[in-house]
Amino acid sequence: MPSSLYVPILLAGMIITGSSNSLWSKWQDMQCVENCGDPNPANHVLYEQPVWQTLQMFLGEMLCFLPVAYTWLRTRQRTAPVFLPSDLGEDVHLSTKLEEDSQELRGWKVLLLWFPAACDLTGTTLMNVGLLYTPVSIYQMTRGALVLFVGVLSVVFLRRRLWLYQWVSLLTVMAGVSLVGYSGSLIKDALPSTLRSFLSDADPSTPEPVGDPEVTKVLVGVFFILFAQVFTATQFVVEEKIMARYSVAPLVAVGYEGLFGALTIFLCMPILAMPSIASSSPFFDLPRGWYQLVNTPSVLGSGIAIAFSISLFNYFGLSVTRHVSATARSLTDTCRTLSIWLVSLGLGWEKLVFPISLLQVLGFSFLVYGTFLFNGLVNAPLFLRPPLTLEETAGGDAEEGEALLASQHLDDTAALPVDLGQSGYDVLPKDARVHAQGVSED
């Protein structure tokens with residue numbers, strides 16, 4: 001039985017590793033890799049390699065194989081348990097039933113995980129591009145739009161039915177994402193405007209900077225992050241379809257997706273290294289990115305930290321789901337978003353600009369409420385609640401009673417046969433024969 005400190009350690013580990021992942025990625029984007037000695041900061045070249053950052057993520061997911069391999073080695077060292085004949089028969093019956101319900105994912109069927117890995121690759125690369133143009137808090141909050149796309153795709157492909165309150169929650173999430181993106185663009189545009197007005201007052205001959213306005217860059221970044229959620233939602237839906245048919249440990253699935261994602265990037269490297277493609281955008285110049293990675297210690301060190309943080313975040317997240325609940329994992333993920341914002345404010349990466357920051361707080365509140373409402377973590381308003389059917393009100397107890405009466409053995413209930421209206425002998429007398437409606441003796 002886990003100790004009293006075990007669950008708090010899991011929750012704290014999930015918040016720390018999840019927050020550090022996004023913070024390390026943003027810090028890596030801010031590292032100078034070329035022309036760092038130039039006194040003009042405008043000539044400095046920052047690390048902008050979203051493909052290499054995606055590879056870091058997949059390598060981190062591959063580290064999830066380590067606890068799986070450790071468990072497998074410990075299991076092989078243990079002696080096989082000895083079963084009594086009755087227990088062995090029950091175990092064989094139970095295992096046969098489980099095999100009928102779901103098949104184990106092995107052999108060539110493991111390649112089915114390549115498709116969600118491809119979706120993960122595309123979505124993560126697009127999000128890394130969006131992170132280059134947006135503050136890390138805006139990046140993390142915009143990712144909350146994932147529930148919107150997951151809900152729509154589950155209706156289209158999984159044939160699920162959403163109640164009215166769930167559709168309202170999706171609209172609430174959409175409103176929250178819009179407010180977060182809009183507030184982020186205003187903050188990014190307000191700070192340079194204030195600085196330019198201060199410089200122009202001090203020196204009227206100060207020229208206006210030439211380049212794209214900050215608001216345009218932030219909106220482009222938000223668009224990339226939102227577009228990435230389509231692929232991430234597709235990944236979740238495909239994973240659910242696979243898990244519904246095949247049984248596989250979550251850590252094993254994460255490890256395989258990391259392996260397939262890394263292999264896909266390695267296979268695409270010769271194509272992306274072609275001069276015609278590499279020169280079109282610095283984002284896909286893989287030879288230049290490799291040179292920047294290995295020759296800049298801060299970039300290499302942060303890449304290793306990102307890989308380990310992703311691996312630990314998956315481990316802590318799955319452990320929280322197993323030992324606590326999926327609800328606790330959702331609440332902890334919300335705290336992770338808030339902690340990222342607070343840390344970025346403390347590091348000076350972002351500023352509180354009144355009253356624009358209030359829009360960001362309001363948008364984040366809409367995101368949290370919409371997500372909690374969709375997942376049933378908060379009660380929906382009375383006029384949005386689904387109507388209770390007859391089976392849910394009166395039929396539930398009757399169905400449970402019928403199931404218990406039909407059962408001829410005690411499962412995990414504490415009810416005795418006499419409590420269920422049944423009577424009989426604990427041990428049948430000699431020469432007794434059981435009939436359908438009672439017991440008769442010869």
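The structure we're discussing is the one just above.
Residues numbered from 1 in each chain as written. Predicted model: local features only at pLDDT ≥ 70, side-chain atom pairs only at ≥ 80, totals over all residues. Heavy atoms only, no water.

Visitor: Mind showing me how you'd approach the overall build of the protein here?
Guide: Counting its regular elements, the protein contains 16 helices and 6 strands. Counting the 442 residues in the protein, one finds 36% classified as buried. Taking all contacts inside the protein whose residues are at least 6 apart in sequence as the whole, residues at least 24 apart take part in 79%. Accessible area of the protein: about 26,200 Å², with a carbon and sulfur share of 65%. (Helix = DSSP H or I, 4+ residues; strand = E, 2+ residues; numbered from the N terminus. Buried < 20%, exposed > 50% of the residue type's maximum accessible area, 1.4 Å probe, protein only. Contact = heavy atoms within 4.5 Å. Areas by Shrake-Rupley, 256 points an atom, 1.4 Å probe, with all protein chains shown as cover.)

Visitor: Just to check I follow, could you spell out the environment of Leu286 for this structure?
Guide: Within the secondary structure layout, Leu286 lies in helix H12 (residues 286–295). Leu286 gets classed as buried once you look at its relative accessible area, which sits at 4%. Counting along the chain gives 235 residues from Leu286 to Val51, while the straight-line C-alpha distance between them is 7.8 Å. Once residues within four sequence positions are removed from consideration, Leu286 is found in contact with Val51, Trp52, Met269 and Leu272.

Visitor: Sorry if this is basic, but what is going on with a nonpolar patch on the surface here?
Guide: Where nonpolar side chains cluster on the molecular surface, the patch consists of Val152, Val156, Phe157 and Trp167 and spans about 370 Å² of accessible area. For Trp167, a relative accessible area of 37% gives the class partly exposed. (Patch = residues over 30% accessible without salt bridge, like charges linked within 9 Å, V, L, I, M, F, W, Y side chains within 5 Å. Salt bridge = Lys/Arg side-chain N within 4 Å of Asp/Glu carboxyl O.)

Visitor: What's the story with the packing of aromatic side chains in this structure? I'm lost.
Guide: By convention here, two paired aromatic rings are described through the distance between centres and the angle between planes. Applying the stated criterion across every chain, the model contains 9 aromatic pairs. On the numbers, 5.6 Å between centres and 85 degrees between planes, the contact of Trp24 with Trp27 is edge-to-face. Of the two residues, Trp24 and Trp27 are both situated in helix H1 (residues 6–29); the distance of 3 residues between them amounts to about one turn of the helix. Consider the rings of Phe223 and Phe224, whose centres lie 6.2 Å apart with planes at 65 degrees: the pair is edge-to-face. A relative accessible area of 52% means that Phe223 is categorised as exposed. Here a set of aromatic residues connected by ring pairs shows up, and it is made of Phe65, Trp114, Tyr256 and Phe260. (Phe/Tyr/Trp six-rings, centres within 6.5 Å; stacked < 30°, edge-to-face > 60°.)

Visitor: I'm lost on the pattern of salt bridges in this one. Help?
Guide: Between side chains of opposite charge, a pair can form when the charged atoms approach closely. Counted by the stated rule, this structure contains 3 salt bridges. The residue Glu34 makes a salt bridge to Arg288 at a minimum N-O spacing of 2.9 Å. Linking Glu34 in strand E1 (residues 32–34) with Arg288 in helix H12, this pair joins segments that are 254 residues apart in sequence. Taking relative accessible area as the criterion, Glu34 reaches 21% and is therefore assigned partly exposed. Glu104 is the salt-bridge partner of Arg106, the closest N and O atoms lying 2.9 Å from each other. Overall, Arg106 belongs to the exposed group, its relative accessible area being 53%. Under the relative-accessibility criterion, Glu104 is labelled partly exposed at 46%.

Visitor: Is there a simple way to think about the state of the cysteines in this case?
Guide: Among covalent bonds in proteins, the disulfide is the one between the sulfur atoms of two cysteines. Applying the stated criterion across every chain yields a total of 1 disulfide. Sulfur-sulfur distance for the disulfide between Cys32 and Cys36 comes to 2.3 Å. A torsion of -115 degrees about the S-S bond marks the disulfide between Cys32 and Cys36 as left-handed. You can call Cys32 partly exposed: its relative accessible area is 23%. (Disulfide = S-S within 2.5 Å.)

Visitor: Explain the packing of H1 against helix H13 (residues 297–323) here, please?
Guide: Describing two packed helices takes the angle between their axes plus the distance from one axis to the other. Across the interface, H1 lies against H13 with an axial gap of 8 Å and an inter-helix angle of 150 degrees. What the angle tells us is that H1 and H13 run roughly antiparallel. Relative to H13, the crossing made by H1 is left-handed. Here the residues of the contact of H1 with H13 are counted per class, giving 16 nonpolar, 14 polar and no charged. (Axes fitted to C-alpha atoms, helices over the stretch in contact; angles between N-to-C directions. Parallel < 35°, antiparallel > 145°, perpendicular 65-115°, else oblique. Left-handed = near helix turned anticlockwise from the far one by under 90°. Nonpolar A, V, L, I, M, F, W, Y, C, P; charged D, E, K, R; others polar.)

Visitor: Even after reading the chapter, I still don't get helix H2 (residues 50–62), so can you show me in this structure?
Guide: Each α-helix winds once per 3.6 residues, and so residues spaced three or four apart point in a common direction. Here H2 contains 13 residues, and its C-alpha end-to-end distance of 19 Å stays within 8% of the 18 Å for a straight helix at 1.5 Å per residue. With 11 of 13 residues buried, H2 is to be regarded as a mostly interior element. Residues of H2 that are buried: Pro50, Val51, Trp52, Gln53, Thr54, Leu55, Gln56, Met57, Phe58, Gly60 and Glu61. Packing partners of the buried residues in H2 comprise H1, helix H3 (65–77), helix H5 (114–133), helix H10 (250–272), H12 and H13. (Expected span 1.5 Å × (residues − 1).)

Visitor: Before we go on, may I ask you to explain the environment of Phe313 in this structure?
Guide: Tracing the backbone through its elements, the reader meets Phe313 in helix H13. Sequence-distant contacts of Phe313, that is, excluding residues within four places in its chain, are made with Met14, Thr17, Gly18, Asp333 and Arg336.

Visitor: Mind showing me how you'd approach the side chain of Ser25 here?
Guide: Relative to the assigned elements, Ser25 resides in helix H1. The buried category is assigned to Ser25, whose relative accessible area is 11%. Within the structure, Ser25 has its side chain in polar contact with the backbone oxygen of Asn21 (distance 2.9 Å). Contacts of Ser25, omitting those with residues within four sequence positions, involve Gln53, Leu131 and Ile306. (Polar contact = N/O pair within 3.5 Å; in protein donor to acceptor, adjacent residues only side chain to side chain.)

Visitor: Even after reading the chapter, I still don't get unusual backbone geometry, so can you show me in this structure?
Guide: Most peptide bonds adopt trans geometry, and most residues besides glycine take a negative phi value. One non-glycine residue, Asn35, lies in positive phi territory at about 55 degrees. As for its placement among the helices and strands, Asn35 is situated in the loop between E1 and strand E2 (45–46). Under the relative-accessibility criterion, Asn35 is labelled partly exposed at 47%.

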